[in-house]
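# Examination of the molecular architecture
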Amino acid sequence: MRSQIERIAPGSETFICNGLPVTFVDCAPDELQNVCERLTAELGYRFATLVVEEAHCDWQLGYIFCGGHDLQGGLVRVSLKASGARPIIPSISAIVHAADWHEREAEDLFGLVFEGHPKLGDFVLHEHTPEGINPMRSDFDPAAELPSEDICPWRPGRIVQTPGAFAMPIGPVYSDFAESAHFLLETVGEDVIRVIPRFFYKYRGLEKLAEGRRVEDVLLLAERFSGTSAFAHSLAFCQAVESICEAKLPARAPALRTFFAELERFRYHVGVIADICGSTALAVATSQAAILEEELLRLCCKYAGHRYLFGLNIPGGLSLNVEDEACRVLTGEVGSIAKRLVDLMEMLRFSSSFLDRLEQVGAIAKKDATDYGLVGPIARASGVVRDLRIALPYAAYGKDSLSFSAPGEEEGDGYARLRVFFNEAMQSVEIMRQIAESLPPGEVRVPRFDIKGGVSLGWAEAPCGAAFHWIRVRNDGRVARYRVTPPSFTNWHGFHLAAENFAFQDFPIIMATFGLSNAECDR
Amino acid sequence: MSKWVWKGLRTGKKSSHYPDAPETAAGVSPGMPLTETGALPLEFCPFPVGEIEGSPDESKTDIRDCVHCFRCVRSSSDRVKWQEGYEWASEKDADAKGHSRQLGASFSHSLNIRMIDAGACGACISEVKQIAKPCYSIHRLGFFITPTPRHADVLLVVGPVTDNMVFPLKKAYEAMPTPKVVVAAGTCALTGGLFGPGFACGAGVSDFIPVDVEVPGCPPPPLAIIHALLVAVGRKPPFSGQKPSISERKAL
Amino acid sequence: MEPYVFFLLFFALCGLGIVLSAAVDDRHASAIPAWISSPAAVCLLIAAGGILLSGHTLHIELWSLPYLGQLSITADRISALFIFVAGLVYLPVSIYSSEYMKKYRGRYSLKSFSIFYHLLFASIVTVFLAGDVVLFLIGWEAMSILAYLLVSYEHEHEENVQAGYLMLAMSEVGTLAVIIGFLVLGASAGSLGFDSIRAAGVNLTDSVRWAVFLLTFLGFGVKAGLVPVSSWLPRAHPVAPGNVSAILSGVILNLGIYGIVRVNGDLLPVASAGAGLVVLIVGAVSALVGILYATTDNDLKKMLAHSSIENMGIVTVSLGAAFLYKIYNHPDLAGIALIVAFYHMANHSIYKSLLFLGAGAVDNQAGSRNMNLLGGLIRKMPYTAFFFLVGALSIAALPPLNGFVSEWLTLQVLLQSAVLSAKGVKTAFVLCGAGLALTAGLAVTCFVKAFAMNFLGTARSRAAQKAVEIGAAMKASMGWLAVLCLLLGILPTYVIPVLNRTVSPLVHTSVVNELVPPFFTIKKQNAQFSKAFVSGFHDLGAQVGRSILPGRGLVVLHQGAARNPVVFAMSTAYTLVVLVLLIGGAFLLTSLLARKRTLTRRPAWDGGLRRLFADMTYTATGFSNPVRVVFDAIFRPTTVENAGETVAQHFRTAIGGDRYEIHVVDRAVYRPTTRCMLWLANRVSRIHVGKINTYAAYVLGTLLLFFLINWVW
């Protein structure tokens, strides 16, 4: 693999970091598209994230790729340097489509110009922020007054040109409990032809807020920007910090982290199953799944102190040492919940009215899933079986004693996604059982954790897919730049693939089978 | 389809008896840290995040700011008491004259609620979702979730109010018929939490629309949200701060 | 005064109109229809009304032409009814024209419009009045040509000229068929007078009867716009000026019905069940095809044209039912069916001309007929919107308006087929009834769409935003038609006796007591009804109003015979009373309850968007798309997917895509015919060898052939 990358990009350097090969490629602007294309097309690397750093008009762009065909490729960082107030960067979105939203985001927040990208403009910052104001730049003045009058409402270019076509707006305030987001469905009636999603209604400026804060304060942000997958994100963040500080964790910490990450995944997936049942108006099944979800929340609170596992992860381990006995009891209780989930799924499998709404609805082809770089259960339901727990093992996942696999399906439709969610939930229970049986004794945190300066990438397979947390810490222990690529951001990008060419009434169902979080996407 | 009916009947009643009887099941609420004075133990509290200019002002850092980081209680201090319970909702300062704080008797058993997600992290939304699910089932109280503010008596706002949600929030508030009550749920909605005030966020809901009932917590557990709704219609007294039975239990 | 005086006055006024139009300056010619045609229409109403009420047939012998025989005028009640309806339509349309035609000032000749308009009016009346074949055909041909001239009035557009040509060509094919049919009849009768044809009809053989039926049904079917010879209608209507469309749908289509009734009902009554079934099924198919295309068409006037096909189909179904009931010896049901046919025809004339006038107003003020570009006009044009709504409710057959009465009766007439013994015919009735029920359902969808997409919501184009209300003349004419819609709706008990007198000569029986029982004058011991029945209706209050209102009552009721004791009854008048009470009561109640409350108005909730744009509202295409999807097998569209501009594989900046439909009739009838003709022509063209000897041989051969035929004959 190393030689292959060498062939594509001469002068690249490879290091082994925590047992993983990490390759650094310095790239000239005119070479960028070529390198990225060959990395993805020939070597099977998957685009992970785009990290933009700016210091007084000196720009450093890092295109991070992970994976590779044989899952042994580790990570590749393609670096690009640029200078100037608004440098022009060649867009790779047409070649590596997964980078589309990353480039749009960078354009909106940094004022970079991506040459060749057809859809730049209104993305993160909505109409009340004039073009030219880019909050992530170092010269951004947060106190500057924004114009409050004469705001021109957002109006995307209509793509469907068929006579009589119209756009059906949904949101941002819609449905009973929906998270804020807007969907403009272009249609000529009955079938949705084009979905124009609009996110970042919930943009809280996570990455900007993190700048200059202490690492332990940024942890709170990392944990709370997406409450339903808090543990996975705090885990990824903590791992990034620990990798910078070269902390040696006691063996119990990664095991317990894995244990709680799987507990969170189980809870999350049960919640998604409840939402899928709810979207098809199957009231009893919704209630059943919701009862299971609430019981899991109560278990989390009972054994870990918080219903959403807040405050558990800290750099250097866990803030709470859950006893072996408690873990076993908890596993037992989760096991009984899993049994009831199996019963529920058995009943769902034989409810034709339920299956009719899911089967062959919202299908995503494998090729599209690959091109869009989809992650998590959605990609796995379309046959792209990629899981960071296996591809880039972290915590206790790499241990030989732990045996598990990533469940995959081929159809890519709503039912396939439901099955993946269910199978993963069951897998999580199995992982929890294995860990509870062989918990290493001892402490769960390093006695003393010293923050150092440095750069690192942390990752975790969050409930809805791969999450990447890239962080640069200054020598004084404060964060210089923090970049989060949550799985919902990656997957919402491909959502329109599933919703297009299906009827209006399928739209909420397709959305439920995605099981994504807008808070996680919007940051 | 009959199998589903049978399944539902077999499951039996799962709903909490709150407010007729206190809910005692383990794990319904993470509890709340509290010193004897009712303020958060500031020396361990990372809130407000970063340095605090000048001397710490204890009166400003109260239960409304708590983000459930557990740092106070998992450190080695004896000053922190852990308070179980969930009846945290309080009425917002009553100095705005002429504005009815409560909806009145005609709404006490018939209330329509519209939730607005003004940038919440998802945990608050998940907890609000739970109040309409079997375990808490607000329908037994005569409370209902409505998809449009046109039919809503209560606007239940979660999240710190991001800049992009200010307009929809105000529009939804204006679209509601009178009388109307706004319940702000969660630390973010009360003070902006970790995220606000910032360049993309406000410092809570009350900066944009008048708030009547506040419920702290990160996230406030379902029972706390139900308590807030009961306070809004006058079926429960608000949290006073003096009365809580501070449990002696030091956390874990 | 005698009716003929008014007919004379009518023709004199038409002549005056033509002369005046030729004389005055072009700028003032637009006012002539209002000042000349409307009095002429009033004359017609008086004359025809006189004949309808008195029953005196007007018969005037005109000149005798060499070879062609005597020209004569005969105005019986059937003619009078059609003339009366024509008058009802012409009166408001003439007034409307004076304002509407102003828009053509300086662009097209108003003079020629006015001349054609009066000539057309005169020729239409001539057709109705003709008492012999020659005068009938003269009037018919003049009418066809003048209609063509008026339809292609805006002749500067290529599309308009083509539509006009198609209309003329199809009309001429129809005329040809009618002429042959008449010649066959005249040959057997030895004269071209209607009276002698009627007398000679009984001697004709079945095959000749069939031939005459098929030829004339085809010929008149073209004019009535029946499937499969309806193709000209949806093309001609959108290109014609609004007022001409109203005449086209309100009067000229009736000529087709008149022809069918005159020839197949009067001169040579249909005697075989097969012919009756043809009429019935053609009618039902027309209705269904018409409404399907009406529901999915987005051009306002095209949509109305398709709906005309539907309504003519419904009339034809009733006619077919009447023929069949008569053949199977149920004269009372045949009478009811004919009454229903005439009722529906009259209703259609009224509401369709109202809708076309409304469409003309919309087209004029909002600059488009494309419903995807209209919307929100109710705030700009409240009067037009209200009158259009009345028309739309009528045509959607909602009580208490006139469309409801006739469509309800049509369905009831079809349900009465239980009395028939022939299984096959019964099945046909049932299927046609089901088809009509579907049609009625789709009609509601269609006109909900028509009203909502034009008048409700937000304007979807700049022109629609700037629309202004129409002037007084247009308002008055539409108002008059709207009032007629209501009157014909709530007073069927007064209309039916008049129609009954018209149809009784055709079915030789009177059905007025069968359909409109004399409730106001009923005695408890009236022999026609059983005692219990009468007292029951007495208790129900069927006689309410007997002291105020003259006449037979306000309830339409039919009691089936012993074999089929199905009773149907309805009263739109009482429905109106109940509706007024309910709506008024609800209004009073709400205003009483809201008396002490302040009313706040807020814009519609849009999910928190900054602003709802016009292109975020349903379009006509979107509204009718479910119908398109459900009836995909009939529409069979060719969709052209156009990937549009694509930057890269996943960046599509435009998704085009268009949908082309070939009308099911064109697909099923005209395309195979064309292909067949081309094939034949190809074969025949092989005789062109280019040698003069061969052509000489052809000439010789043809001559020999003729000699041979002559010799054999």
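Residues numbered from 1 in each chain as written. Chains lettered and ligands numbered in written order. Predicted model: local features only at pLDDT ≥ 70, side-chain atom pairs only at ≥ 80, totals over all residues. Heavy atoms only, no water.

The next thing to look at is a nonpolar patch on the surface. The grouping of Val684, Ile687, Val689, Tyr695 and Tyr698 of chain C at the surface amounts to a nonpolar patch, some 410 Å² of accessible area in total. Under the relative-accessibility criterion, valine 689 of chain C is labelled partly exposed at 47%. (Patch = residues over 30% accessible without salt bridge, like charges linked within 9 Å, V, L, I, M, F, W, Y side chains within 5 Å. Areas by Shrake-Rupley, 256 points an atom, 1.4 Å probe, with all protein chains shown as cover. Salt bridge = Lys/Arg side-chain N within 4 Å of Asp/Glu carboxyl O. Buried < 20%, exposed > 50% of the residue type's maximum accessible area, 1.4 Å probe, protein only.)

Let's shift gears to the pairing of strand β3 (residues 45–55) of chain A. Residues and elements named next belong to chain A. The buried fraction of β3 amounts to 10 of the 11 residues, a majority that puts the element mostly inside the structure. Bridge count for β3 against strand β4 (residues 58–67) is 10 bridges, and the pairing is antiparallel. Bridge pairing in β4 places valine 51 opposite glycine 62. (Helix = DSSP H or I, 4+ residues; strand = E, 2+ residues; numbered from the N terminus. Pairing = 2+ DSSP bridges.)

The next subject is the packing of helix α3 (residues 77–100) of chain C against helix α13 (residues 331–366) of chain C. All names here are of chain C. Two numbers describe how α3 lies on α13: the axes approach to 10 Å, and their chain directions differ by 10 degrees. Taken together, the axis directions place α3 and α13 in an arrangement best described as roughly parallel. Along its contact with α3, which presents Leu81, Phe82, Val85, Leu88, Val89, Val93, Tyr96 and Tyr100, the element α13 presents Phe342, Met345, Ala346, Ser349, Ile350, Ser353, Leu357, Gly360, Ala361 and Asn364. Broken down by class, the residue content of the contact of α3 with α13 amounts to 14 nonpolar, four polar and no charged. (Axes fitted to C-alpha atoms, helices over the stretch in contact; angles between N-to-C directions. Parallel < 35°, antiparallel > 145°, perpendicular 65-115°, else oblique. Contact = heavy atoms within 4.5 Å. Nonpolar A, V, L, I, M, F, W, Y, C, P; charged D, E, K, R; others polar.)

With 71 residues of chain A in contact, the opposing surface of chain B contributes 62 residues. Surface buried jointly by chain A and chain B totals about 5,600 Å² across both partners, of which 63% is contributed by carbon and sulfur atoms. Lysine 129 of chain B is the partner of aspartate 275 of chain A in a salt bridge, and the nearest nitrogen-oxygen pair spans 3.1 Å. Summed over the shared surface of chain A and chain B, the result is 24 residue pairs in polar contact (both at pLDDT 80 or more). At the level of elements, α4 (206–210), α5 (215–224), α8 (283–304) and α9 (324–349) of chain A are the ones that each hand at least two residues to the side of chain A that touches chain B. When residues of the side of chain A that touches chain B are assigned to their parent elements, the largest contribution, 15 residues, is made by α8 of chain A. (Buried area = accessible area lost by both parts, 1.4 Å probe. Polar contact = N/O pair within 3.5 Å; in protein donor to acceptor, adjacent residues only side chain to side chain.)

Residues and elements named next belong to chain B. Once the domains are mapped, chain B shows domain 1 (32–83) and domain 2 (90–232). Summed over both sides, the interface between domain 1 and domain 2 buries roughly 780 Å², with carbon and sulfur atoms accounting for 63% of that surface. Our enumeration of links across domain 1 and domain 2 arrives at one residue pair in polar contact (both at pLDDT 80 or more). Looking at the side of domain 1 that touches domain 2 residue by residue, the classes come out as six nonpolar, one polar and two charged. (Domains from an automatic or database assignment.)

Taken together, the contact between chain A and chain C spans 42 residues of the former and 32 residues of the latter. Taken over both partners, the interface formed by chain A and chain C buries close to 2,900 Å², and the fraction arising from carbon and sulfur atoms is 61%. Counting every contact that joins chain A to chain C gives one salt bridge. Two residues, arginine 610 of chain C and glutamate 127 of chain A, come together in a salt bridge whose shortest N-O distance is 2.7 Å.

It is worth spelling out the sheet that holds strand β15 (residues 479–485) of chain A at this point. Residues and elements named next belong to chain A. Taken in spatial order, the three strands make up an open sheet running β13-β14-β15, and their pairing is antiparallel. Two strands lie at the open edges of the sheet, namely β13 (454–462) and β15, each paired on one side alone. Adjacent strand axes in the sheet meet at a mean angle of 15 degrees, parallel and antiparallel pairs treated alike. Direction of pairing for strand β14 (residues 465–473) relative to β15: antiparallel, over a ladder of six bridges.

Residue and element names in this part refer to chain A. Tracing the backbone through its elements, the reader meets glutamate 264 in helix α7 (residues 252–279). Residue classification places glutamate 264 among the buried positions, given a relative accessible area of 0%. Considered as a pair, glutamate 264 and alanine 230 are 34 residues apart in the sequence and their alpha carbons are 8.5 Å apart. The residues contacting glutamate 264, other than those within four sequence positions of it, are Thr228, Ser229, Ala230, Phe231, Ala232, Tyr308, Leu309 and Pro463. A polar atom in the side chain of glutamate 264 sits 3.0 Å from the backbone nitrogen of alanine 230.

So, about the confidence of the model for chain A. Mean pLDDT over chain A stands at 85; residues scoring 70 or higher make up 97%. Here helix α1 (residues 2–8) of chain A stands out as the element of chain A with the lowest mean pLDDT, 71, in contrast to α7 of chain A, whose mean of 91 is the highest. (pLDDT = per-residue confidence, 0-100.)

Residue and element names in this part refer to chain C. Within the element layout of this structure, serine 353 appears in helix α13. It is 15 Å that separates the C-alpha atoms of serine 353 and leucine 401, two residues lying 48 residues apart in sequence. Those residues in contact with serine 353 that sit more than four places away from it in its chain are Val89, Ala246, His348 and Leu481.

Turning our eyes to something else, we now look at the state of the cysteines. All told, the structure shown has zero disulfides over all chains when counted by the stated rule. Cysteine 27 of chain A provides the cysteine sulfur closest to cysteine 36 of chain A, a residue in no disulfide bond, and the two sulfurs are 6.6 Å apart. Overall, the relative accessible area of 0% leaves cysteine 36 of chain A in the buried class. You can see cysteine 188 of chain B has no disulfide; the closest cysteine sulfur is in cysteine 218 of chain B, sitting 5.9 Å from it. (Disulfide = S-S within 2.5 Å.)

The subject of this paragraph is the pattern of salt bridges. Residue and element names in this part refer to chain A. According to the stated counting rule, one finds 46 salt bridges over all chains in the structure shown. Residue arginine 214 pairs with aspartate 217 through a salt bridge whose shortest N-O separation is 3.1 Å. When the shortest N-O distance is used, the salt bridge between glutamate 242 and arginine 257 registers 2.6 Å. Placement of glutamate 242 in helix α6 (residues 230–245) and of arginine 257 in helix α7 is noted, with a sequence separation of 15 residues between them. For arginine 257, a relative accessible area of 2% translates into the label buried. One salt-bridge network, held together by shared partners, links Glu262, Arg265, Arg380, Asp387, Arg389, Glu424 and Glu461.

This part covers the domain arrangement of chain A. Taken domain by domain, chain A consists of domain 1 (2–115), domain 2 (166–198) and domain 3 (206–522). A C-alpha centroid distance of 33 Å is found between domain 1 of chain A and domain 2 of chain A.

If you look at the biggest cluster of nonpolar residues, it comprises 210 residues, and the most contacted ones within it are Leu120, Phe136, Phe182, Tyr325 and Phe447 of chain C. Broken down by element, this core gets its largest block of residues, 22 residues, from α13 of chain C. The residues contacting tyrosine 325 of chain C, other than those within four sequence positions of it, are His330, Leu333, Ala334, Ala337, Val413, Leu414, Gln416, Ser417, Val419, Leu420 and Phe429 of chain C. Listed in part, the 155 residues of the second largest apolar core include Val52, Leu355, Leu418 and Ala498 of chain A. (Core = buried A, V, L, I, M, F, W, Y, C linked by side-chain atoms within 4.5 Å.)

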